[in-house]
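Residues per chain, in single letters:
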Amino acid sequence: MDGQFCLVTNHLMLCLSGIFSFLFNLFISLFFVSLFCRLIVRSTFPFFIHKVPIAKGSAFWIPVIQVIASFNFLLAIVMAVNFLKYKKSHWWLSCYVWAVWLEGPLGFGLLMSCRIAQAFQLFYVFVKRRLPPIRSHMFLPLILLPWVAGAAVIHEKKPLNYRCHFGTYWTIPVVCLHSLYVAVLMGFTRAIRHIEFRFDELRDLWQGILGSASLIGVWVFAYILNEIHDDISWLQVASRFMLLVTASILVLVFFSISIAQPLLSQISLRKREPLELKTMGQVLGIPESGLLLQREQAVDIDPNEPLDKLLLNKRFRQSFMAFADSCLAGESVHFFDEVHELGKIPIDDPVRRIYMARHIINKYINAGAAMEVNISHRIRQEILATTDLTHPDLFTNALHELTQLMKMNLAKDYWSSIYFIKFKEEARMRSCEHEMEEMRGYDFSPRLSSVNATDDPFHQDHFSRGFTQHSHASYLR
Amino acid sequence: MLITVLENMGLLCSKNHRYTEADAEENAQAAEIDRRIEQERKAEKHIQKLLLLGAGESGKSTIFKQIKLLFQTGFDEDELKSYISVIHANIYQTIKILYDGSKEFAQNDADSSKYVLSSEIKVIGEKLSEIGSRLDYPRLNRELAQEIETLWKDSAIQETYARGNELQVPDCTHYFMENLQRLSDANYIPTKEDVLYARVRTTGVVEIQFSPMGENKKSGEVYRLFDVGGQRNERRKWIHLFEGVTAVIFCAAISEYDQTLFEDEQKNRMVETKELFDWVLKQPCFEKTSFMLFLNKFDIFENKVLKVPLNVCEWFKDYQPVSTGKQEIEHAYEFVKKKFEELYFQSTAPDRVDRVFKIYRTTALDQKLVKKTFKLVDESLRRRNLFEAGLL
């Protein structure tokens with residue numbers, strides 16, 4: 001009876017332990033699946049829900065790469081320290097796949113390299129005040145190279161033991177490489193610490209770095225213990241547990257910190273103020289940006305005055321902008337408008353000037369930009385190769401060239417267009433609040449008659465001031 | 001007095017007392033507007049839409065101006081006068097480009113001595129270069145014209161001009177520099193030719209309606225011609241015009257085979273034109289659109305091709321000169337034409353082969369030639385229409 005009971009108990013214990021291990025495995029796998037989903041959702045959700053404009057280029061790809069890298073990193077740890085048991089051995093269970101390639105160049109190395117690439121960009125733009133000399137898509141592979149090389153060497157020399165551990169001799173350079181990248185990231189972040197960022201990039205970055213630095217300490221400690229003492233079983237269990245926990249937290253921390261504004265808008269689900277309905281000038285708090293002030297004096301406009309002087313008048317500028325938009329030539333006026341806003345930022349506020357300058361370059365100057373302006377190669381290169389993004393004359397040459405272009409192309413037609421008549425009428429009516437009259441029939445301008453469709457990229461209601469980034473996106477097509 | 005003013009203001013500002021009358025009037029107006037819209041819609045049906053496409057500086061706007069001169073009222077005196085500032089701006093900008101270019105060549109070129117300016121020329125050059133970088137150019141007067149002429153005649157500047165293909169020197173340079181005295185006259189009014197030569201980089205879209213037969217509208221088709229900017233940033237706007245196009249007039253400046261783009265000095269203009277033509281041909285909207293290819297700037301081409309071999313351009317690498325003089329020009333032209341023909345048939349899907357494709361040799365500045373070309377274009381488009389209607 002006792003024996004039977006014993007058997008049953010044993011059986012039960014076995015069953016229980018089986019269930020527990022199954023539950024544990026299930027729990028772990030669920031944890032990772034949910035983590036993965038969360039990362040994916042976090043990175044893609046904003047596009048669908050908040051309709052955040054998808055940034056082109058590195059601003060979009062670097063966060064995506066980070067998602068992949070952190071997933072690789074976690075998966076590599078799980079696989080390398082044998083959290084999952086397989087009955088059969090497969091070729092892809094090799095330590096070199098998980099502990100070397102996926103953990104290094106595709107995991108931690110890639111993650112840190114992405115962060116460094118971002119910090120490097122910020123460093124160049126805000127400390128050196130010029131556009132980064134090397135594009136992110138070139139920089140990233142470059143700083144990833146040591147990781148690839150390291151992985152290749154390890155792959156070649158095969159120093160890992162059957163439990164995927166290095167041993168003391170190999171642990172030192174491996175840990176050094178890991179900490180070197182952390183140090184480089186800290187270095188770049190230190191260099192930009194004194195800059196007061198507009199979108200709280202640095203505060204977020206520091207919080208993240210402080211949080212992650214202590215975790216990295218724990219992680220490195222656990223890693224070393226795990227690598228060196230692979231004969232003490234309790235230490236193995238504890239250190240592996242710590243490795244996984246800290247690494248997971250680390251990855252989460254990485255995703256809650258942001259390093260630049262575009263990343264923030266893409267990764268964060270936090271509702272920021274609706275950026276899309278504002279101009280960059282308004283976001284940066286430039287006085288009297290965007291909205292028209294009713295009290296603004298209606299000045300009499302004399303067509304004989306030079307156009308650049310006339311354009312300084314806000315009401316005139318908006319009327320002219322509406323006209324230029326209607327003949328698909330609005331980007332020059334928009335550029336004039338934004339450079340005018342930039343001029344309002346005092347010289348002693350370099351950070352806001354840099355933001356605005358970078359915004360203008362991204363929107364109007366870069367080849368293929370959303371509202372690229374019609375300027376010569378030389379002037380474009382001059383701006384892109386500038387050594388000082390805060391320079392007050394950064395856009396002067398481009399502005400001159402575009403003012404000439406507007407003068408020769410648009411000015412003459414504007415004076416005979418409905419927009420100028422409306423403008424004059426409005427100026428007259430503003431004094432006595434008269435109703436606007438329909439004046440379509442007076443349009444003498446030889447400009448477009450048939451393409452004022454809704455898909456007109458410049459079709460924006462300028463009198464009610466709706467300047468959205470979406471309209472530019474549609475204009476891209 | 002004050003009272004009358006106040007009364008007047010009251011009259012101006014209040015509309016309320018005539019509400020019923022205004023209502024009736026508004027209804028009548030709305031009906032009138034509807035009627036007109038309907039009328040216009042019917043009229044629109046008969047209007048043929050023509051697009052002028054091509055890379056930057058290929059002569060689209062010159063053709064456009066010619067159409068205005070040939071089939072419309074042309075330019076009145078005010079319009080002609082409005083070109084004075086453009087022409088003067090062209091002169092100042094060009095002389096600045098040449099002066100800055102000569103300085104650059106003198107610094108960097110192996111054979112730099114050719115480009116070194118004497119000190120007195122330098123003084124004039126600096127002054128003119130400063131004017132050229134201003135936002136507002138002064139009106140050209142005798143004194144300034146004299147200085148510009150001195151600079152222009154200088155051998156270093158002439159050497160620089162000879163390498164103008166590297167500097168974005170506009171085609172009108174020689175013409176304007178040779179006419180400086182006339183252009184600087186206080187009572188100067190631009191001639192038709194001056195207006196045609198004047199270089200304005202187009203931005204956005206401009207349209208014009210015309211009938212090649214002139215006043216007698218019944219005998220000819222009515223066309224609406226759209227002119228666009230040709231630089232890369234301008235091309236994204238084209239797509240808004242692509243619907244319902246009868247014919248695309250594609251301008252290709254065949255003289256620009258040794259020049260680079262205004263907006264990208266790494267790219268050869270001819271190669272860009274090739275890629276652009278290919279892109280336009282493949283547009284889904286143009287399945288049934290006729291293509292009129294204007295191989296433009298033949299006047300510059302015939303002068304250039306004897307000095308600069310055609311094969312400096314990557315696209316024409318396989319060109320072999322055969323003879324000299326007029327024969328050589330013809331041979332080179334035929335080669336270029338063949339290249340474009342090949343490109344057309346390569347880029348045209350088999351289901352589109354029945355669209356009209358014609359190549360014309362043009363010089364947009366030559367009024368007679370443009371007139372003749374347009375007659376031909378008109379004829380082939382009308383024939384096409386008859387064919388479509390099943391009458392041919």
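The rules behind these values
- Residues numbered from 1 in each chain as written.
- Chains lettered and ligands numbered in written order.
- Predicted model: local features only at pLDDT ≥ 70, side-chain atom pairs only at ≥ 80, totals over all residues.
- Heavy atoms only, no water.
- Helix = DSSP H or I, 4+ residues; strand = E, 2+ residues; numbered from the N terminus.
- Buried < 20%, exposed > 50% of the residue type's maximum accessible area, 1.4 Å probe, protein only.
- Contact = heavy atoms within 4.5 Å.
- Phe/Tyr/Trp six-rings, centres within 6.5 Å; stacked < 30°, edge-to-face > 60°.
- UniProt positions renumbered as here; feature names shortened; annotations may be inferred.
- Patch = residues over 30% accessible without salt bridge, like charges linked within 9 Å, V, L, I, M, F, W, Y side chains within 5 Å.
- Areas by Shrake-Rupley, 256 points an atom, 1.4 Å probe, with all protein chains shown as cover.
- Salt bridge = Lys/Arg side-chain N within 4 Å of Asp/Glu carboxyl O.
- Pairing = 2+ DSSP bridges.
- Axes fitted to C-alpha atoms, helices over the stretch in contact; angles between N-to-C directions.
- Expected span 1.5 Å × (residues − 1).
- Right-handed = clockwise from strand over helix to strand, strands pointing away.
- pLDDT = per-residue confidence, 0-100.
- Parallel < 35°, antiparallel > 145°, perpendicular 65-115°, else oblique.
- Nonpolar A, V, L, I, M, F, W, Y, C, P; charged D, E, K, R; others polar.
- Left-handed = near helix turned anticlockwise from the far one by under 90°.

Details of the overall build of chain A
For chain A, the count of helices and strands is 18 helices and zero strands. Within chain A, buried positions represent 49% of all 477 residues. For chain A, the proportion of contacts with a sequence separation of at least 24, taken over those separated by at least 6, is 71%.

Let's talk about the packing of aromatic side chains
For any pair of aromatic rings, the description rests on two quantities: the centre-to-centre distance and the angle between the ring planes. Scanning all chains against the criterion turns up 54 aromatic pairs over all chains. For the pair F323 of chain A and Y419 of chain A, a centre-to-centre distance of 5.9 Å together with 65° between the ring planes defines the contact as edge-to-face. Taken together, the residues F323 of chain A in helix 12 (residues 314–326) and Y419 of chain A in helix 17 (residues 418–430) connect sequence positions 96 residues apart. Each member of the pair, F323 of chain A as well as Y419 of chain A, carries the same accessibility label: buried. Ring centres 4.7 Å apart and planes at 45° place the aromatic pair F250 of chain B and F277 of chain B in the tilted group. Of the two residues, F250 of chain B sits in strand 4 (residues 247–253) while F277 of chain B sits in helix 12 (residues 269–281), which places them 27 residues apart along the sequence. For F250 of chain B, a relative accessible area of 0% puts it in the buried group.

A look at the UniProt feature "transmembrane region" (unreviewed entry) in chain A
Residue and element names in this part refer to chain A. The UniProt record annotates "transmembrane region" (unreviewed entry) at residues 19–41, 61–84, 138–155, 167–188, 208–225 and 237–264. With 100% helix and 0% strand, the stretch residues 138–155 has end C-alpha atoms that lie 25 Å from each other. Counting secondary structure, residues 167–188 comes out at 95% helix and 0% strand; the distance between its end C-alpha atoms is 32 Å.

What to know about a nonpolar patch on the surface
Together, V218, F241, M242, V245 and I249 of chain A give the surface a local cluster of nonpolar side chains, amounting to about 380 Å² of exposed area. For I249 of chain A, the position within the fold is in helix 8 (residues 233–256).

Let's talk about the sheet that holds strand 5 (residues 290–296) of chain B
Strand pairing in a sheet takes place through backbone hydrogen bonds and is either antiparallel or parallel in direction. Residue and element names in this part refer to chain B. The strand order 2-3-1-4-5-6 describes an open sheet built from six strands, whose pairing is mixed. A strand with exactly one partner marks an edge of an open sheet, and here the two such strands are strand 2 (205–210) and strand 6 (357–361). Each adjacent strand pair in this sheet contributes to an overall mean axis angle of 20°, direction not counted. Here strand 4 pairs with strand 5 via seven bridges, running parallel. Looking at strand 5, one finds that F250 is bridged to L293. Lying on the sheet, helix 15 (residues 367–388) is in contact with strand 1 (47–53), strand 2, strand 3 (222–228), strand 4, strand 5 and strand 6; it crosses strand 5 at an angle near 165°.

Notes on helix 17 of chain A
Over its 13 residues, helix 17 of chain A extends 18 Å from the first C-alpha to the last, a length consistent with the 18 Å expected when each residue adds 1.5 Å. Considered for burial, the residues of helix 17 of chain A that qualify are I418, Y419, F420, F423, E425 and M429 of chain A.

Quick notes on unusual backbone geometry
Of note in this structure, R129 of chain A is not a glycine but carries a positive phi near 60°. Position of R129 of chain A relative to the elements: it lies in the loop between helix 4 (104–128) and helix 5 (136–157). One non-glycine residue, E57 of chain B, lies in the positive phi region at around 60°. Position of E57 of chain B among the secondary structure elements: in the loop between strand 1 and helix 3 (60–71). For E57 of chain B, a relative accessible area of 13% puts it in the buried group.

With respect to the pairing of strand 4 of chain B
Residues in a regular strand point their side chains to alternate faces of the sheet. All names here are of chain B. Burial analysis of strand 4 places seven of its seven residues in the buried class, the great majority of the element. The alternating pattern of strand 4 places A247, I249, C251 and A253 and V248, F250 and A252 on opposite faces, both of which are buried. In terms of strand pairing, strand 1 meets strand 4 through four bridges, oriented parallel. Of the residues in strand 4, the one forming a bridge with L53 is F250. With helix 12 bridging strand 4 and the parallel strand 5, this β-α-β connection has right-handed handedness.

Focus on the UniProt feature "domain: RGS" (unreviewed entry) in chain A
Within this structure's numbering, the places UniProt gives as "domain: RGS" (unreviewed entry) are residues 306–424 of chain A. Across residues 306–424 of chain A one finds 69% helix and 0% strand; the C-alpha atoms that close the span lie 18 Å apart.

Describing the confidence of the model for chain B
Low pLDDT marks stretches whose predicted atomic positions should not be read closely. Per-residue pLDDT for chain B averages 86, and the proportion of residues at 70 or more is 92%. Across residues 1–17 of chain B, confidence stays below pLDDT 50; counting only partners more than four residues off in sequence or on other chains, it has five contacts.

Description of the environment of I84 of chain B
Its place among the elements puts I84 of chain B in helix 4 (residues 77–108). Each residue touching I84 of chain B, except ones within four places of it in the same chain, is listed here: R139, Y188 and P190 of chain B.

Side note on the packing of helix 3 (residues 95–102) of chain A against helix 4 of chain A
Residue and element names in this part refer to chain A. Where helix 3 meets helix 4, the axes come as close as 5 Å, and the angle between the chain directions of the two elements is 20°. Between helix 3 and helix 4, the crossing angle belongs to the class labelled roughly parallel. Between helix 3 and helix 4, the contacting residues are V100, W101 and L102 on the first element and G104, P105, L106 and G107 on the second. Of the residues contributing to the contact of helix 3 with helix 4, the split by class is five nonpolar, two polar and no charged.

A word on the packing of helix 4 of chain B against helix 5 (residues 119–132) of chain B
All names here are of chain B. At a minimum axis separation of 8 Å, helix 4 and helix 5 run at an interaxial angle of 130°. Judged by the inter-axis angle, helix 4 sits oblique to helix 5. Seen from above, helix 4 lies across helix 5 with left-handed handedness. Facing Y92, I95, K96, Y99, D100 and K103 of helix 4, the residues of helix 5 in contact are K122, G125, E126, L128, S129, I131 and G132.

Some words on the environment of P190 of chain B
Residue and element names in this part refer to chain B. You can see P190 is positioned in the loop between helix 9 (180–183) and helix 10 (192–197). Its relative accessible area of 2% is what places P190 among the buried residues. Between the C-alpha atom of P190 and that of I87, which follows or precedes it by 103 residues, the distance is 8.6 Å. Leaving out residues up to four positions away in the same chain, P190 has contacts with L80, K81, Y83, I84, I87 and V195.

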